[in-house]
Structure formats: C-alpha cells, structure tokens
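Inside the fold
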Amino acid sequence: MAAESKQGDSQQTLWQFDIIVAPGFVLLELASLVDVLRVANRVCASPPFTYTYRSLRGGDVASSSDAVVSTTKLPPQPKADYLFVIGNSDPDQPDLSLGRIVSDYTYRGAQVFLLSEAASRYIDENGTEHLATHWENASFLRERGARFEAKLSIATENGPVVTCAGMGATADIALAVIGRHISGPTKMTVADIMLHEQIRDFSSMQPFSGAKTTATGDAKLDQCIKLMQENIEDPLPIRQIVEDLSLSNRSLERKFKSFFATTPNGFYREMRLAKANNLLMNTTMSVREIGMACGFPNGFSSVYKSFFGVTPFVMRREKRQAAQR
C-alpha cells in the first residue's frame, strides 16, 4: 500500500504511519516513534516515511505530561502501511478498546503495533496468550485474574498485530520497522544520532528481568560493528578486524550475511557512506572534507554516485532547493 511519488526521474516509495493517541498518552512513546521516523527522513537521500497523528474524534489530545498534539479523525477506509497505538496510564480508558479499528487496518494489509496499555487492553479483551506488554501491565492482568501470563519480551507478533512493552523500548520497535525499508548501516546511523547504543530485537527481555542485551544478539558481531564505528576516518582492513576478534574471515562473512544480507566490506562501506550522506545534508563541510572524514581520501564522488545515484554535489543542491520550497 506504500505510496509512490515522483522525484525528478526517479520513483520514491513512501511508507505511511498512522499514529493513534489516546487521552493521557505517554509522550515518551510518541516521541520515540516520531523522532526515529524524522531522523531517518533526514539521513536518507529521499525521505521514505510519512506519518499522521490520529484519534477517535480528532482535535487536540493532551498527553499525561500536558503536551498537546493536534490530531485528525480516523479515516473510514485507512490506507496506512502501519498503525501505532500509543497507550496511556489507564488500561480501562475507553479509547483503547480498538478491536474494530485494528481489524479495519489489518484487513487492508497494515501491520498494527499496540504499545503498553493499548497492548494490555487488546490482550485482556481477546484473551490471546503469549503476547507482550509492559511488565507493570502484566502484573495488572494477573491481579485481574487473567488465565494466562503476558510475555516479558519487548514485543511479540501475532500475525499482523504486534503487542509491545512501550516506554523506552518504543525506539527499538521503530528502528526495527524502518530497518525493513532502509539499509542496516543507515538504520544504525539513525540509532547513533539518537544516542541509542543498542538496538534490541523483539525477543529481548524487558530490562527489569536483568537480561543482558546486545545490539545484534551476537557478541562478536557487536564488537566488529563497534570497531567499524570507531574507525570511520581510517577504515581498518577486514583481516585486522578478524584478527582482533579471533575469528576467521569465513565466520565473519557468515555472520554479516545472516544478519545484514551483505558482506563485512559492503557493510563497512555503506556505514561510511551513510555518515558521509548525513554530513553532506547537515553540515557546511566541503565534499572533499566529508570524503576524508569518512575514509574516502580518493574517488569519494564516484563511490557516492554508485550508491546514491547522483554525485554529492547534486544531492546537496537538490536537498537545499527542496528546503527552500
């Protein structure tokens, strides 16, 4: 259902997010989602995401911290690719009873993400086992005599419906979703800008459980990516990285192919290009300075064009022209 819009001679896919906020919604959850989308749009050559704030009745909706969001009423025939429902501190809030709306979105092919109290309400009303919600809400369900235990991972998928713990884990969920539509290095650039050190997958346990998490679920792969991130300006040879990690080339290649569907060299190059693109869009550094800062002392423009389709000079000019419209 993603929309296609023309940009010059190229086509760009736009993924639409509808975001429902209930009265007293958790501002942290809304910001964690929207800022991931916003930063991704900033670092990508062509912004891939759009979002709309919605509510059952439309109009202004206040958060639990009194911040107010202007919303539009839910459409009778939704066309979004994703629906996120931001809960509040009251699982009994009538606006969280969204069974029909969830069905409207999933019927038209959208994936629905229910956060925290919205997840609790869905679990309570549907009696579905093995779904996640925030650990506080899981305790609430037990106190109500629920005949099942909610999972304590940060999210679980049940077909087109994903129930999530919410709170700070919302950023992990948002990063996982945008990772379906942008490259791994670009996703990590977004996480780095947000100072989000580790991206947890859905199966990661909520922090109170004491479970130790990693960025990828593989400690050696995490160490490799960290080495790459620390050596952008002067890239390390892959042979040196595998020696430092006490791995074989073949083992490291398998790890990158399994997690990122690319090679270590391909990932490293794209990580450097992602940083270069961010510098190009958001600083006044010269193209040569950017190339040097990202480990491309020679041939930066050619490498950039082979990946993004245009030279860095053209990309910077088009971005500035778009900002002036």
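Computed from a prediction, not measured in an experiment: that's the story for all the values here. (Residues numbered from 1 in each chain as written. Predicted model: local features only at pLDDT ≥ 70, side-chain atom pairs only at ≥ 80, totals over all residues. Heavy atoms only, no water.)

1. Considering the overall build of the protein chain
To be explicit about the condition: A run of H or I in DSSP counts as a helix once it spans at least four residues, and a run of E counts as a strand once it spans at least two, with each numbered from the N terminus. Only heavy atoms enter the contact rule, under which two residues are in contact if any of them lie within 4.5 Å. Using the Shrake-Rupley algorithm and a 1.4 Å probe, accessible areas are obtained, with residue cover drawn only from the displayed protein chains.
Of regular secondary structure, the protein chain possesses 13 helices and 9 strands. The long-range fraction of contacts in the protein chain, counting pairs at least 24 apart against all pairs at least 6 apart in sequence, stands at 65%. Of the accessible surface of the protein chain, which amounts to about 15,900 Å², a share of 48% is contributed by carbon and sulfur atoms.

2. Notes on the packing of aromatic side chains
One pair of aromatic rings is described through two measures. These are the centre distance and the angle between the planes. Put simply, the test is: Centres within 6.5 Å are what make two rings of Phe, Tyr or Trp a pair, Trp counting through its six-membered ring; a difference in plane orientation under 30 degrees is then read as stacked, over 60 as edge-to-face, and the rest as tilted. Only when the NZ of Lys or the CZ of Arg is both within 6 Å of the ring centre and within 35 degrees of the ring normal is a charge said to sit over the ring.
Inspection of the entire model under this criterion finds 13 aromatic pairs. Arranged with centres 4.4 Å apart and planes meeting at 35°, the rings of Y304 and F308 form a pair that is tilted. With Y304 and F308 both in helix α12 (residues 300-308), this residue pair falls 4 residues apart, about one helical turn. One aromatic cluster is present, built from ring pairs that chain together F17, F49, Y82, F84 and F113. Sitting over the face of the ring of Y268, R272 holds its NZ or CZ atom 5.7 Å from the ring centroid.

3. Here we look at the side chain of Q111
Rules: N or O atoms within 3.5 Å of each other form a polar contact, as long as, within protein, one can give a hydrogen and the other can take it, and as long as residues adjacent in sequence are counted only when both atoms are side-chain atoms.
Looking at the secondary structure, you find Q111 in strand β7 (residues 111-115). Within polar-contact distance, the side chain of Q111 engages the side chain of R180 at 2.6 Å. In contact with Q111, other than residues within four places in its own chain, are D81, Y82, L83, E157, G159, P160, V162 and R180.

4. Brief notes about helix α6 (residues 184-193)
The test is simple: Residue exposure (1.4 Å probe, protein chains only): buried if accessible area is under 20% of the type maximum, exposed if over 50%, otherwise partly exposed.
Summarising burial for α6: 7 of the 10 residues are buried, a large majority. Turning to α6, its buried residues are P185, T186, K187, M188, T189, V190 and A191. L195 occupies a position one or two residues after α6 and carries a positive phi of about 60°.

5. Quick look at the pattern of salt bridges
Side-chain pairs of opposite charge can arise whenever the charged atoms involved come near each other. Defined as follows: Here, a salt bridge means any side-chain nitrogen of Lys or Arg that lies within 4 Å of a carboxyl oxygen of Asp or Glu.
Inspection of the entire model under this criterion finds 5 salt bridges. The residue D18 makes a salt bridge to R54 at a minimum N-O spacing of 2.9 Å. Residue D18 is located in strand β2 (residues 10-21), and its partner R54 is located in strand β3 (residues 49-55); the two are separated by 36 residues in the primary sequence.

6. Let's talk about the packing of helix α7 (residues 219-230) against helix α10 (residues 264-282)
Note the cut-off: Only C-alpha atoms enter the line fits that serve as axes; for helices the fit covers just the stretch in contact. Angles between N-to-C directions range over 0 to 180 degrees. By definition in this entry, angles of less than 35 degrees are roughly parallel, angles greater than 145 are roughly antiparallel, angles of 65 to 115 are roughly perpendicular, and the rest are oblique. Each crossing gets its hand from how the near helix is turned against the far one by less than a right angle, where anticlockwise is left-handed and clockwise is right-handed. Gly is put with the polar residues, along with every residue not named as nonpolar or charged; the nonpolar set is Ala, Val, Leu, Ile, Met, Phe, Trp, Tyr, Cys and Pro, and the charged set is Asp, Glu, Lys and Arg.
Direction vectors running N to C along α7 and α10 enclose 40°, while the axes themselves pass 10 Å from each other. On the basis of their axis angle, the class for α7 and α10 is oblique. In this structure, the crossing between α7 and α10 has a hand that is right-handed. On the side of α7, the interface is formed by I225, L227, M228 and Q229, while α10 contributes P264, F267, Y268 and M271. When its residues are assigned to classes, the contact of α7 with α10 shows 7 nonpolar, 1 polar and no charged.

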